Amino acid sequence: MSRFASVSVLALCMANPGFAQELNALVWCDHTDPALIQPFEEKFGVKVNLKEYEGTAAGLAILDQSRPGDWDVLVIDGVDVGRAVEGGHLAELPADQLATADFFPEVVMAANNMVDGKTYAVTEKFGYNTIAYDKTKVDPADMADMTTLWSGKYDGRIAIYDYYLPILGLVAMEQGVATADITAETVAALKEPLFKLKAASKQVSDVVSSQTALATGEVDILIGGGEWLTAVLAADNPNLDWTIPAQGGLRWAQSIGVVAGSTQPDLALEFVKYITSPEGQAALATSSCYWGMPASTKAGEVLTPEQKAILRWDEQPAFLARSQLYPIPDAALDTAMQDLWTAMLQE
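Now for a quick tour of the structure. Since this is a predicted model, take the numbers as computed values, not measurements.

### Re helix α3 (residues 56-64)
Link 1 in the chain: All of the buried residues along α3 are T56, G59, L60, I62 and L63. Considered in projection along α3, the buried side chains sweep an arc of 155° and stay on one side of the axis. Exposed and oriented more than 90 degrees from the buried face of α3 are A57 and D64.
Link 2 in the chain: In this structure, the buried residues of α3 make contact with β1 (22-27), β2 (47-52), β3 (73-77) and α4 (81-86).

Now the structure itself:
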């Protein structure tokens, strides 16, 4: 890719109204905020067509069923970039044109975004599945130690986010087991603490129901919540907060790349570069769908002090040090984890 690509793409788009008027992107809901997309559209004189999807399997299925050139940009879970590359869905990116030098080092995630020494995606946003709570009803000091959740002090005041990977990861961390060390053979040891946690909880529910329960005071603690859940409620309910306890939290990360076979790879690359620019990062971090931490430290120059406070910006070095990545189960482990989760739900 030429180092003059940005200038040439912009010049062509402005000089030829019929050139590359549309860019097609498969994205998560946080990319559908006009505050994020409009600046790019206005700069390049193009329309960005966004198709929202949920779950890597759904996104890859869309690509499998599409013709080459139908899609230009893909947003995907960082741990699934390798699957997309294996399926032939992502094009190599010019690493020297990506702003990863400005990223929090822990979220560059080269092992996830590179395959065989080639870069196929770049981290754009991250956050945590951890402990969210109402700080007017819960002692914040208690939330610094995950074992408090099993102590009986908050029985009947807890909600559990209904997603087995992060919750089993948190239970393992409370037991002193790293997420990377969970195996099909050792997952059985998580049954007793998981069932005890369920017994102490009021509900196990999806994102919307969990968020509603915390916001309305039905529960005071949400296990699995984080900035992505409480930030959008901050204006109306400033009592909601979140933290990463001493035992740690689960870190999620999403990546963005150019779809293999794109008929306008230069423009698609410009979109990737915009999303990972300080301005793009600040807008993505505070999207109306859900907030999260920007991968770029330079986004801090654009975010307001209030936004940085909600994201716990100044605490990120410690949070990153205490966080671990989601478990990445093979087929046997995934089956064992889902079986345990199902048994817990039926308890």
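After that view of the structure, there is still more to cover.
### Thoughts on the state of the cysteines
A covalent bond bridging the sulfur atoms of two cysteines is what the word disulfide describes.
Link 1 in the chain: Applying the stated criterion across every chain, the model contains one disulfide.
Link 2 in the chain: For C29, the disulfide goes to C289, at an S-S distance of 1.8 Å. With the S-S dihedral at roughly -70°, the linkage between C29 and C289 falls on the left-handed side. Separated by 260 residues along the polypeptide, C29 in the loop between β1 and α2 (34-44) and C289 in the loop between α11 (278-285) and β12 (293-294) bring together distant segments of the chain.
Link 3 in the chain: Judged by its relative accessible area of 18%, C29 falls in the buried class.

### Re the packing of helix α6 (residues 164-174) against helix α14 (residues 331-346)
Link 1 in the chain: Two elements in contact, α6 and α14, have axes whose closest approach is 10 Å; the angle formed by their N-to-C orientations is 85°. As far as their axial angle goes, α14 and α6 are roughly perpendicular. Only D334, M337, Q338, L340 and W341 of α14 make contact with α6, whose side of the interface consists of Y164, L165, I167 and L168.
Link 2 in the chain: For the contact of α6 with α14, the per-class residue count stands at seven nonpolar, one polar and one charged.

Each value, and the rule that gives it
Residues numbered from 1 in each chain as written. Predicted model: local features only at pLDDT ≥ 70, side-chain atom pairs only at ≥ 80, totals over all residues. Heavy atoms only, no water. Buried < 20%, exposed > 50% of the residue type's maximum accessible area, 1.4 Å probe, protein only. Helix = DSSP H or I, 4+ residues; strand = E, 2+ residues; numbered from the N terminus. Arc of directions from axis to C-beta. Contact = heavy atoms within 4.5 Å. Disulfide = S-S within 2.5 Å. Axes fitted to C-alpha atoms, helices over the stretch in contact; angles between N-to-C directions. Parallel < 35°, antiparallel > 145°, perpendicular 65-115°, else oblique. Nonpolar A, V, L, I, M, F, W, Y, C, P; charged D, E, K, R; others polar.

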